[in-house]
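# A closer look at the structure
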Amino acid sequence: MNKVALSLDGVGFSYNTRSIFGKDSNAVLDNVSFQIMRGEVLGVIGKNGSGKSTLMKIVAGIVEPDEGKLRSNVGKIQLLSLQIGFIQELTGRENVILSSLLLGMRRRAIEKQMDQVIEFSGLGSFIDKPLKTYSSGMRARLGFSVACQADPDVLLIDEAFSVGDAEFRKKSKAIIEDRMQTDRSFVLVSHSESMLREYCARCVWLDAGRVVMVGETAKVIEAYGAA
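Quick summary incoming for the structure in this document. All values reported here derive from a predicted model rather than from experimental measurement.

Helices and strands together make up the secondary structure of the chain, namely seven helices and nine strands. For the chain, the C-alpha radius of gyration of 18 Å lies close to 17 Å, the compact-globule estimate for 227 residues. Across its three principal axes, the chain shows a C-alpha extent of roughly 50 × 45 × 35 Å. Across the 227 residues that make up the chain, the buried fraction comes to 44%. Nonlocal contacts in the chain, meaning residues at least 24 apart in sequence, comprise 68% of its contacts between residues at least 6 apart. Surface exposure of the chain reaches about 11600 Å², of which carbon and sulfur atoms provide 48%. Here the chain holds 29 positive side-chain charges and 27 negative ones, and the gap between their average locations is 3 Å.

As for its position among the elements, Ala223 is in helix H7 (residues 217-226). The class of Ala223 is partly exposed, set by a relative accessible area of 25%. Residues Ala223 and Gly51, spaced 172 residues apart in sequence, show a C-alpha to C-alpha distance of 19 Å. Ignoring sequence-local partners within four residues, the contact set of Ala223 consists of Trp205 and Met213.

Moving on to the packing of helix H4 (residues 136-150) against helix H5 (residues 166-180). H5 packs onto H4 with a crossing angle of 20° between their chain directions and a minimal axis gap of 12 Å. The orientation of H4 with respect to H5, classified from their angle, is roughly parallel. When the axes of H4 and H5 are compared, the crossing they make is left-handed. Contacts between H4 and H5 pair Ala140, Arg141, Phe144 and Cys148 from the former with Phe168, Ser172, Ile175, Ile176 and Arg179 from the latter. Among the residues making up the contact of H4 with H5, the classes are represented as six nonpolar, one polar and two charged.

With respect to the secondary-structure elements, Arg197 resides in helix H6 (residues 193-199). By relative accessible area, Arg197 is classed as partly exposed at 47%. C-alpha of Arg197 to C-alpha of Thr217: the two residues are 20 residues apart in sequence and 6.3 Å apart in space. If sequence neighbours within four positions are ignored, Arg197 has contacts with Thr217, Ala218 and Ile221.

Before going further, it helps to spend a moment on H7. Here H7 has its buried residues at Thr217, Val220, Ile221 and Tyr224. One side of H7 holds all its buried residues, which, seen down the axis, span an arc of 95°. Every exposed residue of H7 that faces more than 90 degrees away from the buried side is listed here: Lys219, Glu222 and Ala226. If you follow the buried residues of H7, they end up packed against strand S3 (41-45), H6, strand S8 (202-207) and strand S9 (210-216).

With that settled, the discussion passes to the packing of aromatic side chains. What characterises a pair of aromatic rings is the spacing of the ring centres plus the angle enclosed by the ring planes. Within this structure, the stated rule accounts for four aromatic pairs. Here the basic side chain of Lys129 rests over the ring of Phe126, its NZ or CZ set 5.9 Å away from the ring centre.

Per the stated rule, a full pass over the model turns up 11 salt bridges. A salt bridge links Arg184 to Asp151; the nearest nitrogen and oxygen atoms lie 3.1 Å apart. Pair noted here: Arg184 is in the loop between H5 and strand S7 (185-189) and Asp151 is in the loop between H4 and strand S6 (154-158), with a separation of 33 residues, a long-range link. Among the charged side chains, a network of salt bridges with common partners joins Arg38, Asp151, Asp153, Asp183 and Arg184.

Moving on, we get to the nonpolar core. Counting 24 residues, the largest nonpolar core has Leu29, Val32, Phe34, Leu55 and Met56 as its most contacted members. Taken together, the elements giving at least two residues each to this core come down to strand S1 (4-19), strand S2 (22-37), S3, helix H1 (52-59), S6, S7 and S8. Setting aside residues up to four positions removed in sequence, Leu55 forms contacts with Leu8, Leu29, Val32, Phe34 and Leu206. In terms of nonpolar packing, the next biggest core, distinct from the first, is built from 22 residues, Leu80, Phe144, Ile157 and Tyr224 among them.

Okay, the sheet that holds S9 next. A sheet is described by the order of its strands in space; here six strands give the open sequence S5-S6-S7-S3-S8-S9, paired in mixed fashion. At either end of the open sheet lies a strand with only one pairing partner, and these are strand S5 (77-81) and S9. When the angles between neighbouring strand axes are averaged without regard to direction, this sheet yields 15°. Sheet analysis places S5 next to S6, joined by five bridges and oriented parallel. Bridge pairing links Ile77 to Val154 in S6. H7 rests against S3, S8 and S9 of the sheet, and its axis sits at about 140° to S9.

Cut-off values and rules
- Residues numbered from 1 in each chain as written.
- Predicted model: local features only at pLDDT ≥ 70, side-chain atom pairs only at ≥ 80, totals over all residues.
- Heavy atoms only, no water.
- Helix = DSSP H or I, 4+ residues; strand = E, 2+ residues; numbered from the N terminus.
- Rg over C-alpha atoms; globule rule 2.2 N^0.38 Å.
- Buried < 20%, exposed > 50% of the residue type's maximum accessible area, 1.4 Å probe, protein only.
- Contact = heavy atoms within 4.5 Å.
- Areas by Shrake-Rupley, 256 points an atom, 1.4 Å probe, with all protein chains shown as cover.
- Lys, Arg positive; Asp, Glu negative; His and termini not counted.
- Charge placed at Lys NZ, Arg CZ, Asp CG, Glu CD.
- Axes fitted to C-alpha atoms, helices over the stretch in contact; angles between N-to-C directions.
- Parallel < 35°, antiparallel > 145°, perpendicular 65-115°, else oblique.
- Left-handed = near helix turned anticlockwise from the far one by under 90°.
- Nonpolar A, V, L, I, M, F, W, Y, C, P; charged D, E, K, R; others polar.
- Arc of directions from axis to C-beta.
- Phe/Tyr/Trp six-rings, centres within 6.5 Å; stacked < 30°, edge-to-face > 60°.
- Lys NZ or Arg CZ within 6 Å of the ring centre and 35° of its normal.
- Salt bridge = Lys/Arg side-chain N within 4 Å of Asp/Glu carboxyl O.
- Core = buried A, V, L, I, M, F, W, Y, C linked by side-chain atoms within 4.5 Å.
- Pairing = 2+ DSSP bridges.

Taken by themselves, the reported measurements are silent on function.
What follows is the structure, given as structure tokens:
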């Protein structure tokens, strides 16, 4: 079996904007190359605006790169982000059903696992309240709970852990460690150096849309801090 889950080779992406002077192209990612291995938790670090969230959207297949290639040797890839995937006017329960259906789960399986989602999320009666009444931490817990039930081959976590409480992070860590015993992979985008050190053996450092360094997490964080 191929040990590489996903590989990026020279990936580039630009946003087109219009102004009174015409159409401008703004490069967000430029010649990005690295691999995500089966069963690993890969960290991604970089300043705001470095292209981290756009990179995750490309890996998840939400947007297509303008240049380069993304090669996948896995099935389902899911992006867990505080900004993506839920409808604010729907209840937590309705969002669980909709998100799970979009991830390819059957309605009967979703209903069978609903109690597990609610219990893991710790939302209690809030599961039947509109998502717009949720805090960012509650949305993160719900999103991670859905992702765990869907069990994607690669789960991309974009800053969602940063708003979780200690108990949520403890449960999430247990899930990740359990999945690491299989060939499931995780990509963790975070500004928290302690979290990256705790979860990730390797880390990717992005700056201005380019990969500055890929390697052992402690060494990447040390170089990042010294820059």
